[in-house]
Amino acid sequence: MKLPDKEQIKKAQKGTPWDFGNKILYDLCKNHFLHDNDEIILTKVLFIGRIYAAAIERRKNKKQEISDNFYIDKVIPLFKDSELDRRLSKLKNISSVTINDIEEILQTHKYLTGIIHKITDLDKRSFSSKYLHFHLPELFFMYDGRTVNSIRQFVRSVPSDLKNILQSESIDYEYAKYFCKCYYLKSNIENEYHQALKNRDLDNLLIEIANQ
């Protein structure tokens, strides 16, 4: 593998003009972490999905009418009656991700993707990763077609010490591959340059590469 240079990392950590809007989403999810209020569920799902081009209302059957009723009748009950809060509350206790934590993190992503599939007939791995990221930003990497391509410049395949994770049936294989590459790249950057890197910094780095 190869590493980004110091200038690339410095630029990623400097921030972007999107930071103010992102902070609103981080604060929204931090201050309203649970899924026990209809209005808050609606706001979080709408804001994150639409701002990050991963709207949950996009469904396999394009003939299905998209209306506000889909959110009221399908989305809100789905989140409210789910096990998501139990899973997220458990993960909230993780202060620094280790290899031993990865499978449980991936299982939560798979769980959210699975329940959303019930109402959309689609694998919403991108939405799920972004939604979970704003709730626990240092546990979840945001999956996006652009960043998936960008990370290949640094990590071509999942490292051998992480490959056993991909054998689990309780994870989404595509997201798991991406997650493991991100985890490996982030760890190596931190070891090489002796500075902490946030998941958002890594996303900034990969998006910048994609934009070039």
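The coordinates are above.
Throughout what follows, the structure given in this document is the object of discussion. (Residues numbered from 1 in each chain as written. Predicted model: local features only at pLDDT ≥ 70, side-chain atom pairs only at ≥ 80, totals over all residues. Heavy atoms only, no water.)

## Quick notes on the overall build of the chain
Okay, step 1: The secondary structure content of the chain amounts to ten helices and zero strands.
Okay, step 2: Reading the chain from its N terminus to its C terminus gives the helix and strand order α-α-α-α-α-α-α-α-α-α.
Okay, step 3: By the compact-globule yardstick of 17 Å for 212 residues, the chain fits well, its C-alpha radius of gyration being 17 Å.
Okay, step 4: With respect to the three principal axes, the spread of C-alpha positions in the chain is 50 × 40 × 35 Å.
Okay, step 5: Counting only residues that meet the buried cut, the chain has 49% of its 212 residues in that class.
Okay, step 6: Summarising the internal contacts of the chain: among those between residues at least 6 apart in sequence, 72% fall at separations of at least 24. (Helix = DSSP H or I, 4+ residues; strand = E, 2+ residues; numbered from the N terminus. Rg over C-alpha atoms; globule rule 2.2 N^0.38 Å. Buried < 20%, exposed > 50% of the residue type's maximum accessible area, 1.4 Å probe, protein only. Contact = heavy atoms within 4.5 Å.)

## Topic: the pattern of salt bridges
Okay, step 1: Tallied over the full model, the rule gives 13 salt bridges.
Okay, step 2: Between K90 and E104 there is a salt bridge, and its shortest N-O distance comes to 3.3 Å. Placement of K90 in helix α5 (residues 84-91) and of E104 in helix α6 (residues 99-120) is noted, with a sequence separation of 14 residues between them.
Okay, step 3: Among the residues examined, K90 registers a relative accessible area of 51% and is labelled exposed.
Okay, step 4: A residue is classified by how much of its surface remains accessible, and E104, at 26% relative accessible area, is partly exposed.
Okay, step 5: A salt bridge links D172 to R125, with the shortest nitrogen-to-oxygen separation between them at 2.8 Å. Taken together, the residues span a long stretch of sequence, with D172 in the loop between α8 (145-151) and α9 (173-193) and R125 in helix α7 (residues 125-135) at a distance of 47 residues.
Okay, step 6: One network of salt bridges, with partners in common, ties together E83, R86 and R87. (Salt bridge = Lys/Arg side-chain N within 4 Å of Asp/Glu carboxyl O.)

## A few points about the environment of Y173
Okay, step 1: Tracing the backbone through its elements, the reader meets Y173 in helix α9.
Okay, step 2: By relative accessible area, which is 42% here, Y173 ends up partly exposed.
Okay, step 3: Taking the C-alpha atoms as reference points, Y173 and I119, 54 residues apart in sequence, are found 21 Å from one another.

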